Amino acid sequence: MKGNFIYIALSAIFGILLGYFSLHVYPLILSSVYFLFLLFRKREICLFCLAAMIVFYVYFIYIDGKNRTMLKDTMTQFSVRLVTPVTIDGDRLIGTAETPQREKVKISYRIRSKEEKKKLSLLSVGMVCSFAGVLEVPEAARNPYAFNYKKYLYFQRIHWLLKPHTLSLDHCRSTPLSFYEKLIAVREKGIAYIEQYFPSATIGIVQALVYGEREQMSETILEGYQKLGLIHLLAISGLHVTMLIGMSFFLAIRIGMTRETAALLLIFLLPLYTVLTGASPSVVRASLMAGIVLISLKWPTKLLLIDSLSTTCIIMLLLNPYALFQAGFQLSFIATLGLILSSHMILQQSSPLLQLVSTTVIAQLSSLPLLLYHFFEISLLSFPLNLVFVPLYSFIILPLSLISLIGHYLFTPVGKLFIFMLEKILLLTNQLIEFLAVHSSFSLTLGRPSSLMLFFYCIAILFVFVEFEKMSQGWRKYKGVFFLVCVIIVDWFTPYLDRYGEVVLLDVGQGDCIYIELPYRKGVYLIDTGGVVSFSKPSWRKRKDEFEVGADVVVPFLKAKGVSRLDKLIITHGDYDHMGAAQTIIEQTTVKELFIGKGGNKDRLQQRLVKAAKRHHVFVREISRGEKWNAAGISFYVLSPTNTESEESKNNRSIVLYTNLGGVTWLFTGDLEESGEKELLHAFPSLRADVLKVGHHGSDTSTSEALLKRIQPKVALISVGKHNRYQHPHETVIQRLRAHNITILRTDWHGAIQFIYTKKSGTFTTMLP
Amino acid sequence: MTHSCLICHAPYHPIVTWQHVLTLKNLDILCEKCRRSFLFISGEMCESCGRPFQHLDSSYRQGPVCTDCIRWQEDDDWKDVLTKNRSVYLYNDFMKEVVSLWKFRGDYAIVKAFEEDFSREFFRHFDDTFLIAPIPLSTERLYERGFNQAKALAELLNLPIHDILTRHHHEKQSKKSRRERLQTENVFQLAEPISLANQRIVLIDDIYTTGTTLRHAAKVLLEADAASVSSFTLARG
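Residues numbered from 1 in each chain as written. Chains lettered and ligands numbered in written order. Predicted model: local features only at pLDDT ≥ 70, side-chain atom pairs only at ≥ 80, totals over all residues. Heavy atoms only, no water.

- Chain B is annotated in an unreviewed UniProt entry as Competence protein ComFC from [Anoxybacillus] calidus.
- Taken directly from UniProt, the Sequence similarities (unreviewed entry) text for chain B runs: "Belongs to the ComF/GntX family." (UniProt positions renumbered as here; feature names shortened; annotations may be inferred.)

- Going by an unreviewed UniProt entry, chain A carries the name Competence protein ComEC and comes from [Anoxybacillus] calidus.
- What UniProt states about chain A under its Subcellular location (unreviewed entry) heading is, verbatim, "Cell membrane".

Structure (structure tokens):
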């Protein structure tokens, strides 16, 4: 059996995938290929693996079948017990609670006053609270490639967002805590201790390194670490756990324990440590693996490292088969697997520096497909930075964090000295990270690879490792690398070979943002960017990171598409809900041209945008009626604004575009209102369009009867925010559209609206059914 | 199931790598320590007999060839009999021990430990157009030893093997001096009278010490019109 556990772990993974995708054709093909591989190459264990696959398939179906709610959305009175500490961010409170029937729900509450916020911060694990409220279904992803909150919660066996009408401590009472909950409370206290006594630059990182808690870390720093491929440093990893175990083992033996007692002690301490550090997949993996290794010390035959990793994987999947779908689980296992299978190559390196280099390269390389899938890009700076940051974290920041925390506990002045040193170092590194994350253009935005590309990436990476391992002479060693580079190049160029174009009305809430990609990616345009109008808030309401459409919706969408360069950014007019995110987009992608309407430069917001654009070397142009451009045989006509400066309102000076995509004619109207429409119809008496982007989010000031009669659209697209304060789209507009038998697609109901087209035809799909 | 090393019999952890997981390679049957004790012949070597120059006094060397080979070339009888020799490992003390364990104490299974290196190095210097001929043992010696070590090695290559030679029984080679070896009459004959016209032949043997045995065998093959005769051995003295 030795060395064979990995095949069982893989079988378990295939079993779960088959269950999750309910025997979909891809996983079926993959599993069959895997089984054939076993049949021919590992005959002695192939039946055993097949059994494991079936067992895990059935097990997943069973677990998934039980993952159902017992609550009904008609319920209004609740009495639930908090099972995790609540997080309060600005005026929002989030927590997990359990009903008396032990079903978990997510509590989401909007705090009303500063006083209430103060009181609610006293909520703690184990409290049972009673209140009236409503159950809401969590939101699925509203945009392509976006985070799916509904699925995320489903994997945690949570089916409802519970929104209390009022939440008050008066209706909460404490109940005795379980041992597990006591540990969580200890963890909370520890986290609070750091927050209380450490300087702000260090809080987030010390909490992350000691307790595996990232909640308080600033989003920019976190994003910087992620973008630069350094995020693994902020996770409690195998290295971390191994170092701590090594130190404790050494100490235990020093104070006179036998090796056996020391090992036994550690085996009992590991689960406690896991809970105290937040039980993230990487900590669970590392601790479980360490535990298995420690236990196996007692056995007559030692366990191979690869077998203990595989066993850990099997155990974690048995405990929670949904773990397979967590990015943390995937990355932790794949990087560890890569390092274990390549350890002999690392150890062959003569100098510690070369060992560090190869460790970094191997960890990055083995997780490359996953990194691309989850984060859409890889940073080329990641390798050199890791070479600096891995030793910096392992030998300075991590030990200093632990020492200063312990020091502060035992003897505050000494602790403060260490904290001072830590602060100086972290201020410097944080600045460096922020600077590089913003200014370096060294990231390769490949976008989310297709299933086929993912498969080729995996093959290429296996090939690279095998060729390096064979120690072939000369260029043959680099055959694998050459193949991988080819795969990357193919992945990079696939969009340019794709005969399909795409129009996407992104769901940016209340606002417009339309992505247009021409076939063979001969042009990528963005009409407006969306933008959330932020009303000034008292400071207690402000969240750590306020939602920003550009950074949170538009840029991630572009990255997932593998678009790092926009040919044209067209801002129809200077309203915030159309151009609020433009600055972010100009900063985070490369924009070739910025189009604004003629005379738009008088507008204050647009003036600011033009300045920013010029700073980023974006070519700015004012466009007006009569202009047009061609790309890939497709013409775009500018129908508005007129080239004479008029006293019309901002909305009526919107850029209006007319084009033909996928055999259908399109009219993008910005926020054009009735008088603008009238003027438009007057100037273009024979204007027709199959698809109409409804003006001004369906406000009754736009989309006049006259327009509909003349244009005769078949499909109307309304870009409008869910529950928006303007009550767009207006009922009369909807009635008008209905009366003309026009199909209505709206982002508040359907999420993002996609139109995939070829030269002659196209189809609409929506994110939400 | 504990793995124990085929040579030192100590229990050990086999290293598992990508190739093992992909079943491109079997787990090593030797422990790491024994595996590392095999030293490859690398760097500069005599272009004729494959003798490593690394630890050789420079007086035994003239340009790209060693003085031994020059002596062979100066002898009209033996000139150009052997085109070239290549070997896998250095014949160091460890290797001597392993060979004696394998050959004289009859631990046949050890041959598996050479498989990967032997095959890879063979294809580095030769290819499958060569005719593979292991140095034979005399019937008496084969009976005594139970297996022919040269043939066991040749089988590692997964190429067709041609038993074109036979051997008379004589005293053991290792008890003779070079002069004695040279002067002895040729112990090899063709197994059947065949023509080897246009055939390039690689002789396989366990150790190249002075090269006399291999040259004796090569001479017989050249007399049967072989185009060229080279040799490939496990170790080089």
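Concerning the UniProt feature "domain: Double zinc ribbon" (unreviewed entry) in chain B
Argument step 1. What UniProt calls "domain: Double zinc ribbon" (unreviewed entry) maps, in this numbering, to residues 4–69 of chain B.
Argument step 2. Secondary structure within residues 4–69 of chain B divides into 20% helix and 6% strand; the distance between the first and last C-alpha atoms comes to 42 Å. (Helix = DSSP H or I, 4+ residues; strand = E, 2+ residues; numbered from the N terminus.)

What to know about the interface of chain B and chain A
Argument step 1. The interface is formed by 16 residues belonging to chain B together with 24 residues belonging to chain A.
Argument step 2. Together chain B and chain A conceal approximately 1,900 Å² of surface at their shared face, both sides included; 67% is due to carbon and sulfur atoms.
Argument step 3. Ranking the residues of chain B by area buried against chain A places H13, W18 and T23 of chain B at the top, with a combined share of 39%.
Argument step 4. On inspection of chain B and its partner chain A, the count reaches zero salt bridges.
Argument step 5. The element best represented in the side of chain B that touches chain A is helix α1 (residues 18–21) of chain B, accounting for four residues. (Contact = heavy atoms within 4.5 Å. Buried area = accessible area lost by both parts, 1.4 Å probe. Salt bridge = Lys/Arg side-chain N within 4 Å of Asp/Glu carboxyl O.)

Let's talk about the domain arrangement of chain B
You'll often see interface size given as the accessible area lost when the parts meet.
Residue and element names in this part refer to chain B.
Argument step 1. Under the domain assignment used here, chain B contains domain 1 (1–37) and domain 2 (41–236).
Argument step 2. The gap between the C-alpha centroids of domain 1 and domain 2 is 28 Å.
Argument step 3. Each partner contributes to the interface: domain 1 provides eight residues, whereas domain 2 provides twelve residues.
Argument step 4. A buried area of about 740 Å², summed over both sides, lies between domain 1 and domain 2, and 67% of it is on carbon and sulfur atoms.
Argument step 5. The largest share of the area that domain 1 buries against domain 2 comes from L6, I7 and S37, three residues that together contribute 55% of it.
Argument step 6. For the interface between domain 1 and domain 2, the tally reads two salt bridges.
Argument step 7. Across the pair E116 and K25 runs a salt bridge, and its minimum N-O distance is 3.7 Å.
Argument step 8. Counting across the domain 1 and domain 2 interface gives one residue pair in polar contact (both at pLDDT 80 or more).
Argument step 9. When its residues are assigned to classes, the side of domain 1 that touches domain 2 shows five nonpolar, one polar and two charged. (Domains from an automatic or database assignment. Polar contact = N/O pair within 3.5 Å; in protein donor to acceptor, adjacent residues only side chain to side chain. Nonpolar A, V, L, I, M, F, W, Y, C, P; charged D, E, K, R; others polar.)

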